[in-house]
Every structure is written in C-alpha cells, then in structure tokens.
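Reading the structure
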Amino acid sequence: MVEPSAPAAAHSIGEYLRGYADEDRLRGFRSSCGFVTATWGLICPRCGQRDLVEFDLDRRGRIVACSVQHVPSDEFLNDAPYAYVVVELDGGGRVTGWVATARTDDALAIGDPVHFVSSYKSGVQFEAMPKAETTE
Ligand SMILES: [Zn+2]
C-alpha cells in the first residue's frame, strides 16, 4: 500500500530545532488567515490551509505561566533553581523557555515582560525586562 505523499516542506523538524540553538532566532510560522504559531507544522490548525510560512517570531513577550525548578535535568544542574516559563510573544505564538535569574517563586509574575536572549545553553532563554523600561 502506498501512502499519499505529503507536500514538500521548506523546513524540517530537525532544521527547525537547530534554529533555536544555532542561529539566535525564534522561528515560527504564520498563515494567510493571520494565525501565528511557534509550533512546527505544515497545516494551519485554524483555517486548514497548507500555507504556513516560516518567519522570525517577536523576541519580546509576556509570561503566561511560570514555575521555579529546584530539581532540574542533568544539563541544568548548575543553573537550579531557575524558572521554567511559557511566554506569549508580542507578535503571536507561545514558546516555552527558562529564566536563569528567577530563583524564587516571587521573582516572576504572570504578565511580566521578558525578552529572548541568545545563550550557549540549550533551550530558549529569556530575561526579565527592567520594570523601568516598561512603565510609562
Ligand atoms: Zn490559517
């Protein structure tokens, strides 16, 4: 039995994941309907079109969920405690990442502005933006 062939993708999951680590970019996709996602895919989950185009996501966003990790994976042993965060990017799309300087439960709050920083560490690293920069 022959599987129906999928459309040729301009990108692969492997290439997409490398983009986070090697190219100092947050790579995402957008559809002509306006849907924006940080999740790799071929078909827009909103409109069903096969028109997802890769583009660079906004580097700034706001925290929508956070949790301080005290028992990290091996790779992050020297960094604990740190905050594991979910960030809603300003231009759309949600990504998970971490904040190295947030070591207590009250260091970050939902809605706090953060920005993506390049790091030799794996994962998507964010930094809290100074409050003075965001208050009018
Ligand atoms: Zn769409």
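Just so it is clear, the model here is predicted, and its values are computed rather than measured.

This paragraph deals with the overall build of the protein chain. Across its full length, the protein chain holds two helices and eight strands. When the helices and strands of the protein chain are placed in sequence order, the string is α-β-β-β-β-β-β-β-β-α. Of the contacts formed within the protein chain by residues at least 6 apart in sequence, a portion of 48% connects residues at least 24 apart.

Take the sheet that holds strand β1 (residues 27–30) next. Note on sheets: strands pair through backbone hydrogen bonds, and any given pair is parallel or antiparallel. Strand order across the open sheet formed by three strands is β2-β1-β3, with antiparallel pairing between neighbours. Every other strand in the sheet has two partners, leaving β2 (36–37) and β3 (53–56) as the edge strands with one partner each.

Judged by nonpolar contacts, the single largest core of 17 residues is most densely connected at I63, A83, V85, V87, V99, L108 and F126. Mapped by element, the contributors of at least two residues to this core are β4 (60–69), β5 (82–89), β6 (94–99) and β7 (113–117). Element by element, the count of residues in this core is highest for β5, at five residues. Not counting residues up to four positions away in its chain, the partners in contact with V99 are Y82, A83, V85, L108, V114, F126, E127 and A128.

This part covers the environment of S122. In this structure, S122 sits in the loop between β7 and β8 (125–128). Taking C-alpha positions, S122 is 9.9 Å from W98, a pair spaced 24 residues apart along the chain.

Turning next to the environment of Q125. Along the polypeptide, Q125 turns up in strand β8. Each C-alpha atom, one on Q125 and one on G97, is 5.5 Å from the other, the two residues being 28 residues apart in sequence. Here Q125 is in contact with G97, W98, A100, V117 and S119, once residues within four sequence places are set aside.

Turning our attention to the confidence of the model for the protein chain. Chain-level statistics for the protein chain give a pLDDT mean of 83 and a share of 79% at 70 or above. Highest mean pLDDT in the protein chain belongs to β4 (95); lowest belongs to helix α1 (residues 13–22) (56). This stretch, residues 5–9, has a pLDDT under 50; its non-local contacts, to residues over four places away or in other chains, come to four contacts.

Procedures and definitions
- Residues numbered from 1 in each chain as written.
- Predicted model: local features only at pLDDT ≥ 70, side-chain atom pairs only at ≥ 80, totals over all residues.
- Helix = DSSP H or I, 4+ residues; strand = E, 2+ residues; numbered from the N terminus.
- Contact = placed C-beta atoms within 7 Å.
- Pairing = 2+ DSSP bridges.
- Core = buried A, V, L, I, M, F, W, Y, C linked by C-beta atoms within 7 Å.
- Buried ≥ 20, exposed ≤ 12 C-beta atoms within 10 Å, placed from the backbone.
- pLDDT = per-residue confidence, 0-100.

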